[in-house]
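# Chain and residue survey
Below are the chains, spelled out letter by letter.
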Protein chains: 4
Amino acid sequence: MIRIGVIGYGYWGPNLVRNFADRPNAQVIVVADLRPERLAEAQRRYPAVRVTVDASDLIADPAVDAVVIATPVALHFDLATAALRAGKHVLVEKPIASTSDEASRLIDEAARRRLVLMVDHTFIYTGAVRKMRELVTTGELGDVYYYDSVRINLGLFQHDVDVLWDLAVHDLSIMDFILPQRPIRVSATGLAHVPGKPENIAYMTMFFDGPMIAHVHASWLAPVKVRRTLLGGSRRMIVFDDLEASEKIRVYDSGISVDPPSPENVYQMHVGYRTGDMWAPKLAVSEALAVEAAHFVECVTDGTRPQSDGEAGLRVVRLLEAASASMQNHGRPVSIHGVAAR
Amino acid sequence: MIRIGVIGYGYWGPNLVRNFADRPNAQVIVVADLRPERLAEAQRRYPAVRVTVDASDLIADPAVDAVVIATPVALHFDLATAALRAGKHVLVEKPIASTSDEASRLIDEAARRRLVLMVDHTFIYTGAVRKMRELVTTGELGDVYYYDSVRINLGLFQHDVDVLWDLAVHDLSIMDFILPQRPIRVSATGLAHVPGKPENIAYMTMFFDGPMIAHVHASWLAPVKVRRTLLGGSRRMIVFDDLEASEKIRVYDSGISVDPPSPENVYQMHVGYRTGDMWAPKLAVSEALAVEAAHFVECVTDGTRPQSDGEAGLRVVRLLEAASASMQNHGRPVSIHGVAAR
Amino acid sequence: MIRIGVIGYGYWGPNLVRNFADRPNAQVIVVADLRPERLAEAQRRYPAVRVTVDASDLIADPAVDAVVIATPVALHFDLATAALRAGKHVLVEKPIASTSDEASRLIDEAARRRLVLMVDHTFIYTGAVRKMRELVTTGELGDVYYYDSVRINLGLFQHDVDVLWDLAVHDLSIMDFILPQRPIRVSATGLAHVPGKPENIAYMTMFFDGPMIAHVHASWLAPVKVRRTLLGGSRRMIVFDDLEASEKIRVYDSGISVDPPSPENVYQMHVGYRTGDMWAPKLAVSEALAVEAAHFVECVTDGTRPQSDGEAGLRVVRLLEAASASMQNHGRPVSIHGVAAR
Amino acid sequence: MIRIGVIGYGYWGPNLVRNFADRPNAQVIVVADLRPERLAEAQRRYPAVRVTVDASDLIADPAVDAVVIATPVALHFDLATAALRAGKHVLVEKPIASTSDEASRLIDEAARRRLVLMVDHTFIYTGAVRKMRELVTTGELGDVYYYDSVRINLGLFQHDVDVLWDLAVHDLSIMDFILPQRPIRVSATGLAHVPGKPENIAYMTMFFDGPMIAHVHASWLAPVKVRRTLLGGSRRMIVFDDLEASEKIRVYDSGISVDPPSPENVYQMHVGYRTGDMWAPKLAVSEALAVEAAHFVECVTDGTRPQSDGEAGLRVVRLLEAASASMQNHGRPVSIHGVAAR
């Protein structure tokens, strides 16, 4: 039985508590939050859980085996560091930290103490993303040509991070999980419509070493909610629409083939088009967070390396840093350093 | 009665011929194309029309009042120049020319001879785009915050121009028509998946002097066809989906309002969200090309300045040039010079 | 403070308990269910609530002011009768009873004892249905021409009632709430694909005294889930799609106008068509059951007549009885007797 | 070379002329219509075609091999009879005639003279309907459980036939083509909102000898256009949406399985649900009328029996007659006599 303390009971915290509470081999024993009314709410739903306004108290609790951190990102590093130093395994909300330097130091701290450090890249635990990864790794898609994602809606404007850190982070974690390569260069553009605040609309292009490209459009200022990703391969192409009740993944047997030029047609390039069946595979319907919670508990118990480990968290933060830097310069490209070959 | 010669009877030419043939005060009297089988097709449908493989012959024809050019873009400048020098009014397919220098020279040539020079920016003659312009100019939308467009499908790969010149050109002409300001800086990224060929997937951001941003995603390599534009304002926001049979324009009474901070909520920015009714105005259903053909005939007859004149064509080409230059440099921003204040 | 006992903690019961628990002036004090594991679940979520396998015990409890019945329909009559006789106010799941005779006797029992008898016609407490009613009663729609509803999905096959009693009941309650007239005749058809079981696919037409018609298609055997209602009026027409995340109600400014014949057109009837704007009004977003729970508590407290009273429940059951009778005879029409003029 | 005369150049006639004109082995040599302006239009588009206001003249023309009839249905019988008696092969617009008696007499007339009699059941020549038939006949769908179709839009109100004869006729021809059985009983309901005019909204149920049911909802008074058919089988289920640009046919690997009762669950019937992949097969994209025209020419040339022969036309008219009769009696069921076993 893994005993868990959860820091932060705002928007996402209750989901984490609920999913860990539903694990047979885990138990949430303490919840911390600065806001008494949030603690009262936690207490009302989980009478057996201890609550506290003091995160240090939770971290120091010898009964706690693992700490789950669901606070604003600015607090991730300090809380995670304290938890690791107290010998606790750590699951931290995405993005793992505010800077790649912080992320690296967390990785080192966890490695030194042989503790689990996992980042809550929720999407990689969904049936849809796992199916996409399967289609890539089995070669069904062929060579990957592009990843294109639109993640927009109205609100909530964050005060501490720009829209890429809030929304594009999901795509970066998905790409990190499913793509055969990692970005080597980033160009991002964006705008803050509220003066003095972070960018609320942003576009981010990622370049790779080879004929692959990725792009994310993130916005807090769209009249409609869109969550749609295109994943194009040389053999097949996928549309992933996360707002579809069923059929979130559609696989198109479509693509191009390059032909030698023909004398009859000098006005069009000699690229052939192939369109075929469309196929919507049935997906696992488990709640992603339930799969993720089970995985974290398993990692803690068995010493398995998390699928979303600290390194994955670091790679995502490096891309976000590069994007924010590029965005300050109207799209000037920024190279990604320290990218390990996959 | 305006007598018209049409050069190029490939994909778009037949639509131009049909629409001018339907005008009561215009007459297509000659069609030129290099391909005899295309001329045979034109002859079959319009037995009274003269056909020729020689565009110079058409241009030299003293019976011709106006020349319509629907050839590959590389030929626009030479043909339009010849036609203007022969004293003919000219309507040229978009984009107006291959370079801004060529476009400027066409403008000068037409001005010197007091001839009509119009570019076929078809979209600005649609009911949908005219409604969008109306909503902007009457202040219904409030301040314009952004223009975001996705224009993707499978094929046809062009051999002479990249996907921005083929598809984004539509958005640039729409923006030129409806936005209160003009872009001052461009950052574009893209990729050619077929070696040695133009970019087939591209992303283009445009910056303005003020809190407005524009972006176009264009692709010939998408499994699904999308033609969707978001136009966000401070009071209302529009979704323009050109593939909708009806209800192409949806106006959302949604937006944000900026509030002073409150002590209770320190984790969220103090931006309020407003969502209200949605409204799909009935649109004029005339074929855009019919409206455009009538407008061209009227300009020739009355000496009116075309809504899509040579200057509009030039502004669009300048943006495309800047985008292509930026795309060669992975998104490095490129300034737009010679932008007249609006 | 109204103290409530809830009988039945299966699929719907937990929603009722949750919504009454959230009322400031109500309190769920006891829950009954025959299944111990369901009671354990209730206990786990609501530690302060008493649980019992014996509904009589709940009904006899002097601390209980009102009884909420969420059991299979076969039990409604006996449980509601017992509760009324014990002096409790009653809210009963839809349909109110298995027969119109039972429904009438419940109405009499409640009237004699001056107790509230309310049926859980949930839909009439939704923002969407209330907006539809408003558009009808204010005359926005003009004369109502038709109500047409499709309510289909895969599963759950019921063992005790046919698909009309399970699904069409929602439409009958909506129609009872929003239409200016009541059906005078019913024709229904259907089929049971599983031998010896109730019909799992059914079609039900309702006739009125005047040029209005209504139809419901209900099925447990459809590959896709559909919840779509058309409400046609002489001035406007509504599409109500309950699966839309937003924009559940769309109002079309469309219709017909009848013209005198013209000599030019002898092949077409002289009916004109009018199409105009579409409009999706913003709807109240409160959970229907919360509105309904508040309404029940208010009725108990103030003696107000429920909007979904026993009479409404009876009218719906009469239609279901007629439909089932018609369905046994392949659509032979069945008259509705005892329809009070509205 | 088959020489064709076309009677009726209104809404559908031009499509027939165009498609026969495009056949290499057919030629439209004469067009008849009562309206001079329609003939002028035909002449304008097809200068080589002879036009006449006198259908008898066309029928008597010895150069004509086959007559295509695209007039109001009231004229079908007289014109087709005259054409057959003049020794011409006949293709007649749907429905084949106004009564089953007329249809039978046309069949006899054609048989006696060994002439081709074909009815324009256009839908059976579409890629979508052919794919549905293939899925039924190969057993992919399993036993067919139901056919359910919604065919609604705003306008055009017909003055001579009710909405079933105008719209449901398409479904009856599709069912005749793809279903393994034929209806034995019909119940229909409907309403005429314009006094003295045919029903403009109608519902039609068809019963079979076995656990299969069919239903069509047809309307000229809907705010939205819907063309959607569900075809349910024991193994798979199909959604056919004719308004989808691509993916008109979606095949769902979903269904039910009937299990023996289990002691744990006495409230739900023991029917299991199976949901699996969805699949949208690529469809032939040929225009249906082109396939149909080629088929008619082939039947005339080779003496092949048409897929939509007079018998198919007769079966469809029998169902329409029964439906109209049932509709006059508020859904009273009407048996179909003379149904040949398939």
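Preceding this section is the structure that the text describes.
Read on for an overview of the structure.

Thresholds, definitions, all that
Residues numbered from 1 in each chain as written. Chains lettered and ligands numbered in written order. Predicted model: local features only at pLDDT ≥ 70, side-chain atom pairs only at ≥ 80, totals over all residues. Heavy atoms only, no water. Helix = DSSP H or I, 4+ residues; strand = E, 2+ residues; numbered from the N terminus. Rg over C-alpha atoms; globule rule 2.2 N^0.38 Å. Buried < 20%, exposed > 50% of the residue type's maximum accessible area, 1.4 Å probe, protein only. Contact = heavy atoms within 4.5 Å. Areas by Shrake-Rupley, 256 points an atom, 1.4 Å probe, with all protein chains shown as cover. Buried area = accessible area lost by both parts, 1.4 Å probe. Salt bridge = Lys/Arg side-chain N within 4 Å of Asp/Glu carboxyl O. Nonpolar A, V, L, I, M, F, W, Y, C, P; charged D, E, K, R; others polar. Phe/Tyr/Trp six-rings, centres within 6.5 Å; stacked < 30°, edge-to-face > 60°. Axes fitted to C-alpha atoms, helices over the stretch in contact; angles between N-to-C directions. Parallel < 35°, antiparallel > 145°, perpendicular 65-115°, else oblique. Least-squares fit on C-alpha atoms with pLDDT ≥ 70 in both. Polar contact = N/O pair within 3.5 Å; in protein donor to acceptor, adjacent residues only side chain to side chain. Pairing = 2+ DSSP bridges.

A few words now on the overall build of chain A. Scanning chain A from terminus to terminus reveals nine helices and 17 strands. Against the compact-globule benchmark of 20 Å for 342 residues, chain A has a radius of gyration of 22 Å, which places it among compact chains. Over its C-alpha atoms, taken along the principal directions, chain A stretches across nearly 80 × 45 × 40 Å. Taking all 342 residues of chain A together, 61% fall into the buried category. Considering only intrachain contacts with a sequence separation of at least 6, the fraction spanning at least 24 residues in chain A is 67%. When the accessible surface of chain A is split by element, carbon and sulfur atoms take 51% of a total near 13000 Å².

Glancing now at the interface of chain B and chain A. Across the contact, 57 residues belong to chain B and 57 residues belong to chain A. Between chain B and chain A lies a buried interface of about 5300 Å² when both sides are counted; carbon and sulfur atoms form 73% of it. Taken together, the links from chain B to chain A amount to zero salt bridges. Examining the composition of the side of chain B that touches chain A, we find that seven residues originate from one element, strand β11 (residues 221-233) of chain B, more than from any other. For the side of chain B that touches chain A, a count of residues per class yields 33 nonpolar, 17 polar and seven charged.

Residue and element names in this part refer to chain B. Topologically, Thr 52 is positioned in strand β3 (residues 50-52). Relative accessible area serves as the criterion here: at 9%, Thr 52 is assigned to the buried category. When neighbours within four sequence positions are excluded, Thr 52 is seen to be in contact with Val 30, Val 31, Ala 32, Asp 33, Leu 39, Asp 57 and Leu 58.

With that settled, consider the packing of aromatic side chains. As enumerated under the stated definition, the model contains 16 aromatic pairs over all chains in all. Plain terms: the ring middles of Tyr11(A) and Trp12(A) are 6.2 Å apart, the flat faces sit at 35° to each other, and that makes the pair tilted. A residue is classified by how much of its surface remains accessible, and Trp12(A), at 25% relative accessible area, is partly exposed. With a centroid separation of 6.1 Å and 40° between ring planes, the pair formed by Tyr273(C) and Phe157(D) is classed as tilted. With Tyr273(C) in strand β15 (residues 271-274) and Phe157(D) in the loop between β7 (144-154) and α7 (163-178), this pair bridges two chains.

All names here are of chain D. For the pair helix α5 (residues 100-112) and helix α9 (residues 310-328), the least separation of the axes is 9 Å and the interaxial angle reads 170°. Overall, the two elements α5 and α9 adopt an arrangement that is roughly antiparallel. Residues Ser 100, Ala 103, Ser 104 and Ile 107 of α5 pack against Gly 310, Glu 311, Leu 314, Val 317, Arg 318 and Glu 321 of α9. Grouping the amino acids of the contact of α5 with α9 by side-chain chemistry returns four nonpolar, three polar and three charged.

A few words now on the relation of the copies chain D and chain A. Overlaying chain D on chain A yields an RMSD of 0.1 Å, the required transformation being a rotation through 180° with an accompanying axial translation of 0.0 Å. Accordingly, the operation relating the two chain copies is best matched by a two-fold axis. Relative to the rotation axis, the C-alpha of Trp279(D) is the closest in chain D, positioned 2.2 Å from it. When the interface residues of chain D are mapped onto chain A, 100% of them are again interface residues, pointing to one common binding face.

All names here are of chain A. Tallying each qualifying case throughout the model produces 92 salt bridges over all chains. Here Arg 315 ties to Asp 176 by a salt bridge, and the two come within 2.7 Å at their closest N and O atoms. Of this pair, Arg 315 sits in helix α9 (residues 310-328) while Asp 176 sits in helix α7 (residues 163-178), and the two are 139 residues apart along the sequence. On the accessibility criterion, Asp 176 (12% relative accessible area) is buried.

Let us look at the environment of Ala202(C). Residue and element names in this part refer to chain C. Considering the arrangement of structural elements, one finds Ala 202 in strand β9 (residues 201-207). Distance from Ala 202 to Ala 188, taken between C-alpha atoms, is 7.1 Å for residues 14 residues apart in sequence. Discounting residues that sit within four places of it in the chain, Ala 202 has contacts with Val 163, Leu 164, Thr 189, Gly 190, Val 216, His 217, Ala 218 and Met 327.

Aligned on chain A, chain B shows an RMSD of 0.0 Å; the corresponding rotation is 180° and the shift along the axis is 0.0 Å. Most of the interface of chain B is mirrored in chain A: 100% of its interface residues are interface residues there too.

Listed as interface residues are 11 residues of chain D and, on the opposing side, 11 residues of chain A. A buried area of about 960 Å², summed over both sides, lies between chain D and chain A, and 40% of it is on carbon and sulfur atoms. Taken as a group, Asp277(D), Met278(D) and Lys282(D) account for 48% of the area that chain D buries against chain A, more than any other trio of residues on that side. One can count two salt bridges joining chain D with chain A. Between Glu247(A) and Arg250(D) there is a salt bridge, with its nearest N and O atoms 3.7 Å apart. The interface formed by chain D and chain A contains 10 residue pairs in polar contact (both at pLDDT 80 or more). Looking at the side of chain D that touches chain A, the elements that each hand over two or more residues are β13 (249-252) and β16 (278-280) of chain D.

What follows concerns the sheet that holds strand β4 (residues 66-69) of chain C. All names here are of chain C. Strand order in the open sheet formed by six strands is β3-β2-β1-β4-β5-β6, and the pairing between neighbours is parallel. Only two strands of the sheet have a single partner each, and these edge strands are β3 (50-52) and β6 (117-120). For this sheet, the mean angle separating the axes of adjacent strands, direction not counted, is 25°. Strand direction decides the pairing type here: strand β2 (residues 26-32) and β3, joined by three bridges, are parallel. When the bridges of β3 are listed, Val 31 appears paired with Val 51. Of the strands in this sheet, β1 (2-7), β2, β4, β5 (89-93) and β6 touch helix α8 (residues 288-302), which is tilted by about 175° from β6.

Purely geometric numbers; function is a separate question.
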